[in-house]
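# Chains, contacts and geometry: an overview
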Amino acid sequence: MEELNPEQLKVVTTTEGALLVLAGAGSGKTKSIIFRTAYLINHLKVRPWNLLVVTFTNKAAKELKNRLENTFNIYTHNLWIGTFHSICTRILRREKDFLPFNANFSIYDAADQKNVFKKVFKALDIDTKRFPINQVINNISKQKNSLIRAEDFFLFNEQNYYTEIVEKVYRQYQKTLLENNSLDFDDLLLFTAFLFDENESLIEKYANLFKYVMVDEYQDTNYAQFKIINYIAKRHGNICVVGDDDQAIYSWRGANIKNILNFEKDYKNVVKIKLEQNYRSTENILNLANSLIQNNSQRFEKNLWSNIKSNLMPDLMVVENEHDEAKFVADELLKLKLEENINFVNSVILYRTNAQSRVFEKIFVNKNIKYQIVGGVNFYQRKEIKDIIAYLRILVNPQDNESLLRIINFPTRGIGKKTEQRLLDRAVALEINLFTAISSLPKEKDSKQFSPKIIKFAEQLSSWQIISKENTIIYLIEQILADTGILKKYENSDDIQDISRSENLYEFMTAASEFTEQFEEDFQRKPELSDFLQSITLHTDLDSYNENADSVKLMTMHNAKGLEFENVFVVGLEDGLLPHSRSLENDNAMEEERRLLYVAITRAKKRLVLTYTRFRRIYDFAEPTFPSRFLSELDEKYINKISAHFYDFQAPRHKQRAKKNVVLESKKCFRIGQTVNHIKFGKGKILSVEGDGKEAKLTISFSTGMLKKIMGNFIELI
DNA sequence: CCACGTTGTGTTTTT
DNA sequence: CACAACGTGG
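A brief look at the structure comes next.

Rules used throughout
Residues numbered from 1 in each chain as written. Chains lettered and ligands numbered in written order. Predicted model: local features only at pLDDT ≥ 70, side-chain atom pairs only at ≥ 80, totals over all residues. Heavy atoms only, no water. Helix = DSSP H or I, 4+ residues; strand = E, 2+ residues; numbered from the N terminus. Buried < 20%, exposed > 50% of the residue type's maximum accessible area, 1.4 Å probe, protein only. Lys, Arg positive; Asp, Glu negative; His and termini not counted. Salt bridge = Lys/Arg side-chain N within 4 Å of Asp/Glu carboxyl O. Polar contact = N/O pair within 3.5 Å; in protein donor to acceptor, adjacent residues only side chain to side chain. Phe/Tyr/Trp six-rings, centres within 6.5 Å; stacked < 30°, edge-to-face > 60°. Lys NZ or Arg CZ within 6 Å of the ring centre and 35° of its normal. Pairing = 2+ DSSP bridges. Axes fitted to C-alpha atoms, helices over the stretch in contact; angles between N-to-C directions. Contact = heavy atoms within 4.5 Å. 1 Å grid on protein atoms, 1.4 Å probe; cavity = no way out; pocket = protein on both sides within 12 Å on 5 of 7 lines; lining within 4 Å. Points joined across faces, edges and corners; volume = space filled by probe spheres on them. Nonpolar A, V, L, I, M, F, W, Y, C, P; charged D, E, K, R; others polar.

Here the focus is the side chain of Asp-315. Positionally, Asp-315 belongs in strand E9 (residues 315-319). Nearest to the buried, unbridged Asp-315 among oppositely charged side chains is Arg-607, at 7.4 Å. Polar contacts involving the side chain of Asp-315 include one to the side chain of Asn-640, which spans 3.2 Å.

Written out as structure tokens, the structure reads:
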């Protein structure tokens, strides 16, 4: 306890009643939560299972558990620690009797979700041009996060041609999920909240169980999450929330910053504690961050300070294009390694969009710099992994038609669209699910209508289901891969992509066996297949990355929340990227973009380098860019501006890529550089020609500044 | 029924 | 450019 400063100590020992902790970046927030948990258990003798601790990521939960075990000798396997989603899943499985689905439900990720939506759109014959599918998905997700169910839709939304369609889709979508005994991520929260709303006895039960409640990153909770916690904690009022309004970066997924701003109104006699000393960053870095964030309007008054002195000044670097940017960062890293013997392990590159990682990857491979990309395409979202997961899902949850349809003809076993329809018809006629419709075939007398291929598949399904109940997970996976020939097919292929797929499948088996080991240690029993499936759908890349490996980490600024690094490179600081173009018109969104940069900067302990480019390739063309407007808000006292002129780049500038359709000069009607006229767009210059004759596709830069691709037919030469 | 080629379309951030 | 959806020939 001597390690704690007076404010932190107060957080730890104020256990009764409602507590609001406003914890600035690097102020020892995690430490306070750990000590508080340990204090409750070891000092006040609270039973571990009477505590509920909600963290933002699985990784944070895992770390918390480890520290409690290693430093405080606390058995953590009966402690309720986890993300909202994993805790809700646990509650839903326990309280299945109160729910319309059973405990074997599948959890659909974003990709599964989109597939269902596509089917719903088709079934309802909705025009995706007028109703963009992603927009509708987003809308419905927002409804769910605000605890608005399909049947209550018009109580909260005005009726017009658009909302009428959304409501229809919402209804049909939920109906389909229910038929599949499946939930999406938002449903995990929604159903838990309504579980409490509709069953007084359950509120009683969980309020009694969770005598003390703690929520981390409270500024990024949404309404559904607020309600869930409120149901549990409002009776006894023993709730401690920790957060920083300046680090709220998830409003786009329904998080409401008002949850933390209004906490003092939601609970009685709230004690408010501010943690304002930053133990992470140097004074220069912190002052720089402060000069940025003070431009935001909606925030608690605070004074975050650091007394870590350093001669190092944050750098701002301007470079020609994204290749030079990557090259500059790579060279800086190599320089640090060579001159100051600093390893890659404590360095990170932070960017706004996942797509920005590609250039860095390329150059790091080139220069032999070890790196890890955290996030982006999740391991469990890869095609080959989703395929094997689909096999496993239908064995746990035979109602999961979506998963079954995914693999009904993968690998190809001669079940095409026609046969698929016949099987679906059979299921509907007999009022059974597709799984049963298939697996019951061999016992049927009329099975001769179906080809031996399908009978074989049916027999396989049955045999796997038996294995899934009697054998280990890893054995089941091996068996499925062998019976279907999937692994062999990939291994024997000449395509490098297939080889990599086979490697991923091996990695999946490793993951399964590691999971089994860990689970047995944690819970002292063998895991069910459903335990495994639950853990992987709620798993994120961040949860498992190796932070100690001597490699540079690459991730989005969102993923960096809660982390810290010695050396931080924040790249792509251009208008349109950060702030992102889709946030430009909206004041609230702009403030969130600013907070995002604030989060990125405050990850740095010692070295901070910010970069932006003059040109960046978007689609196919290098376009001129403008420095992020946030850069002008940074206090010049705390930043060192470096110009690209001082840096010797060898990389070729703006190399023109060869066009695919090269046409003989003699056949051309149009040539690059010619001035032309268009009826609507006026005068312009030809920038490129694809194809020949009048049919050629021309890229024309019009005098209005517009860039267009137009057929030669519509163009007249001047 | 399937493999392959062509056309069209679209990019924020994630549990 | 990168990937998904569609169409065609085997």
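Having seen the structure, we can now continue with the description.
Moving on, we get to the packing of aromatic side chains. In this structure the tally under the stated criterion is 25 aromatic pairs. Between Trp-80 and Phe-210, the aromatic rings sit 5.1 Å apart at their centres with planes inclined by 75°, giving edge-to-face as the arrangement. Residue Trp-80 is found in strand E3 (residues 80-82), and its partner Phe-210 is found in the loop between helix H10 (200-209) and strand E6 (212-215); the two are separated by 130 residues along the sequence. When its relative accessible area of 0% is taken as the criterion, Phe-210 is described as buried. Seen in terms of ring centroids, Phe-196 and Tyr-206 are 5.7 Å apart; in terms of plane orientation they differ by 75°. Their pairing is edge-to-face. One end of the pair, Phe-196, is in helix H9 (residues 185-198); the other, Tyr-206, is in helix H10, and ten residues separate them in sequence. Aromatic ring contacts, followed pair by pair, group Phe-379, Tyr-380, Phe-508, Phe-515, Phe-519, Phe-523 and Phe-532 into a single cluster. Looking at Arg-93, its charged tip hangs above the ring of Phe-105, at a distance of 4.4 Å from the centre. The ring of Phe-194 has Arg-149 sitting right over it, with the charged end atom 3.7 Å from the ring centre.

Further remarks concern the pairing of strand E12 (residues 552-556). The buried fraction of E12 is high, at five of five residues. By the alternation rule, side chains of E12 split into Val-552, Leu-554 and Thr-556 and Lys-553 and Met-555, which are all buried. Pairing of strand E10 (residues 347-351) with E12, which is carried by four bridges, proceeds in the parallel orientation. In the strand pairing of E12, Ile-349 is matched with Leu-554. Here strand E11 (residues 371-373) runs beside E12; their pairing, made up of three bridges, is parallel.

Pairing is parallel across the open sheet formed by six strands, whose spatial order is E3-E2-E6-E7-E1-E8. Edge positions in the sheet fall to E3 and strand E8 (271-275), since each has one partner strand and no second. The sheet shows a mean angle of 10° between the axes of neighbouring strands, taken without regard to direction. For E6 and strand E7 (residues 239-243), the ladder comprises three bridges, and the chain directions are parallel. Bridged to Val-215 within E7 is Val-241. Together, strand E2 (51-54), E3 and E6 form the strand contacts of helix H4 (residues 84-94), whose direction differs from that of E3 by roughly 130°.

Attention now goes to empty space enclosed by the protein. Counted under the stated rule, the structure contains three cavities of 30 Å³ or more. Forming the boundary of the largest cavity are 13 residues, of which Phe-105, Ser-106, Ile-107, Leu-533 and Gln-534 lie nearest the centre. At the level of elements, strand E4 (106-108), helix H17 (383-396) and helix H25 (529-537) are the ones that each hand at least two residues to the lining of the largest cavity. Looking at the lining of the largest cavity, the element that brings in the most residues is H25, giving four residues. Of the residues that constitute the lining of the largest cavity, the class distribution is five nonpolar, six polar and two charged. In this structure, the second largest cavity occupies an estimated 50 Å³ of space. As for the second largest cavity, its lining consists of Leu-22, Ala-23, Gly-24, Lys-274, Leu-275, Glu-276, Phe-300, Glu-301, Lys-302, Asn-303 and Leu-304. If you list the elements that add at least two residues to the lining of the second largest cavity, you get strand E1 (19-23) and E8.

This part takes up the pattern of salt bridges. Throughout the structure, instances matching the rule amount to 48 salt bridges. Among the salt bridges present, the one from Asp-387 reaches Arg-406, with a minimum N-O distance of 2.8 Å. Taken together, the residues span a long stretch of sequence, with Asp-387 in helix H17 and Arg-406 in helix H18 (residues 401-407) at a distance of 19 residues. Arg-406 gets classed as partly exposed once you look at its relative accessible area, which sits at 30%. Here Lys-606 makes a salt bridge to Glu-566, at a shortest N to O gap of 3.2 Å. In this pair, Lys-606 sits in strand E14 (residues 604-613) while Glu-566 sits in strand E13 (residues 565-570), placing the two residues 40 residues apart along the sequence. Under the relative-accessibility criterion, Lys-606 is labelled partly exposed at 45%.

For the rest of this paragraph, the subject is the pairing of E2. Because side chains alternate across E2, one face comprises the buried residues Leu-51 and Val-53, and the other comprises Leu-52 and Val-54, equally buried. The pairing of E2 with E6 spans four bridges and is parallel. Note that in E6 the partner of Leu-51 across the bridge is Tyr-212. As defined by bridge partners, E2 adjoins E3 across three bridges and the pair is classed as parallel.

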